[in-house]
Amino acid sequence: MKILVTGGAGYIGSHVLNLLGMTGEHEIVVVDNLSTGRKEAMLYGRHVEENLENTEAIDKLFEKEKFEACIHFAGSIVVPESVTDPIKYYKNNTENSLNVISMCVKHKCNNFIFSSTAAVYGDLEGGVCTEESITVPINPYGTSKLMTENMLRDIAAATDINFVVLRYFNVAGANVDLKIGQCTPNATHLIKIASECASGKREKMAIFGTDYNTPDGTCVRDYIHVDDLAQAHVDSLSYLKNGGESQIMNCGYGHGFSVNEVIDAVREVTGVEIIAENIERRAGDAEKLISVADKIRKTIGWQPKYDDLKLIVKTAYEWEKKLK
Ligand code: UD1
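Below is a short write-up of the structure. (Residues numbered from 1 in each chain as written. Predicted model: local features only at pLDDT ≥ 70, side-chain atom pairs only at ≥ 80, totals over all residues. Heavy atoms only, no water.)

**Points about the packing of aromatic side chains**
Within the structure shown, the criterion is met by 3 aromatic pairs. Look at F62 and F67: their rings are 5.2 Å apart centre to centre, the planes differ by 85°, and that puts the pair in the edge-to-face class. Exposure remark for F62: the relative accessible area of 1% places this residue in the buried category. Relative accessible area serves as the criterion here: at 3%, F67 is assigned to the buried category. (Phe/Tyr/Trp six-rings, centres within 6.5 Å; stacked < 30°, edge-to-face > 60°. Buried < 20%, exposed > 50% of the residue type's maximum accessible area, 1.4 Å probe, protein only.)

**Details of the side chain of S116**
Here S116 shows up in strand β5 (residues 111-117). Looking at S116, the relative accessible area reads 2%, which means it is buried. Residues within four places of S116 in sequence aside, it is in contact with K145, E149, V165, L166, R167 and Y168. (Helix = DSSP H or I, 4+ residues; strand = E, 2+ residues; numbered from the N terminus. Contact = heavy atoms within 4.5 Å.)

**Describing the packing of helix α2 (residues 55-65) against helix α4 (residues 86-106)**
As a packed pair, α2 and α4 sit with axes 10 Å apart at the nearest point and diverge in direction by 35°. Regarding α2 and α4, the two cross each other, and that crossing is right-handed. Contacts between α2 and α4 involve T55, I58, D59 and F62 on the former and, on the latter, N99, V100, M103, C104 and K106. Of the residues assigned to the contact of α2 with α4, the class counts are 5 nonpolar, 2 polar and 2 charged. (Axes fitted to C-alpha atoms, helices over the stretch in contact; angles between N-to-C directions. Left-handed = near helix turned anticlockwise from the far one by under 90°. Nonpolar A, V, L, I, M, F, W, Y, C, P; charged D, E, K, R; others polar.)

Keep in mind these values describe shape, not function.
What follows is the structure, given as structure tokens:
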């Protein structure tokens with residue numbers, strides 16, 4: 001297939017490019033403005049450096065390339081930043097997504113895969129999320145993504161677009177062959193930050209909130225290895241190519257770890273005594289988010305291979321040591 005990948009220089013996009021490229025089956029064009037992504041992270045595909053808000057340029061690109069599928073990663077992802085700068089999130093995640101979806105409709109690129117998030121569920125009672133759970137985001141990041149989900153649903157109902165929306169839980173780790181990993185500057189992700197501490201790039205870290213209603217008082221998340229998440233995109237593409245109907249699906253392992261458990265795993269795997277200070281809660285954090293992710297296994301045959309916190313941590317740490 002001829003595929004447009006937006007945001008392919010970013011963390012998740014680059015891992016998907018790696019898997020897609022290795023199949024040798026596709027022609028891939030990547031649109032990335034390199035605002036947070038890195039050119040060297042794109043191991044496959046032809047890069048076009050462009051902003052998605054530049055509709056004229058994107059229109060011309062679609063006209064020229066005649067894409068059959070679009071995998072749309074480009075967006076902003078830092079929850080606390082979305083609380084202080086919501087306009088950035090509605091522009092980058094909602095408005096730019098509408099631009100891309102509109103171009104897909106106009107140029108008959110009918111297969112669309114969208115990066116959504118567990119943040120659409122908000123602070124769900126009990127924290128166990130099925131695709132039917134109510135969606136009440138508690139931060140602009142989650143709202144900006146949910147708005148795009150809703151736009152896609154409505155646009156698909158009125159056009160020939162078929163989509164897969166993947167609601168990512170907490171993506172972490174690096175490619176198992178260490179070809180690529182998370183390069184995001186000033187990353188806020190827990191496992192990345194703990195790995196920076198373990199590799200000596202940071203002196204200490206903070207634990208945001210110890211008074212949550214969880215077994216040890218810290219937030220609980222469903223951490224999923226980035227290569228497993230990347231494979232879910234490859235499987236989604238095959239599903240759509242074979243005529244599958246539009247779907248919204250959770251992508252997680254179905255069990256979780258607390259912030260303390262994650263930091264302990266990093267201590268154990270690396271042998272480094274990480275200094276972690278308990279401080280107040282961070283704005284926009286939900287207490288507990290765990291996926292029920294049976295639907296994705298049944299619908300597109302996704303079979304995760306790296307459901308192991310220590311392996312996730314090990315790859316993140318090894319990558320961090322490699323990353324200058
Ligand atoms: C959020 C989004 C997720 C998105 C990710 C990208 C939600 C529910 N999820 O995940 O969809 O992909 O951001 O950034 O909004 N923590 C610390 N100390 C740290 C860093 C984190 O204690 O230095 C804690 C956080 O408070 C949180 C947990 O670790 O409880 C995980 O945080 P993080 O890795 O930032 O991801 P989320 O905010 O859960």
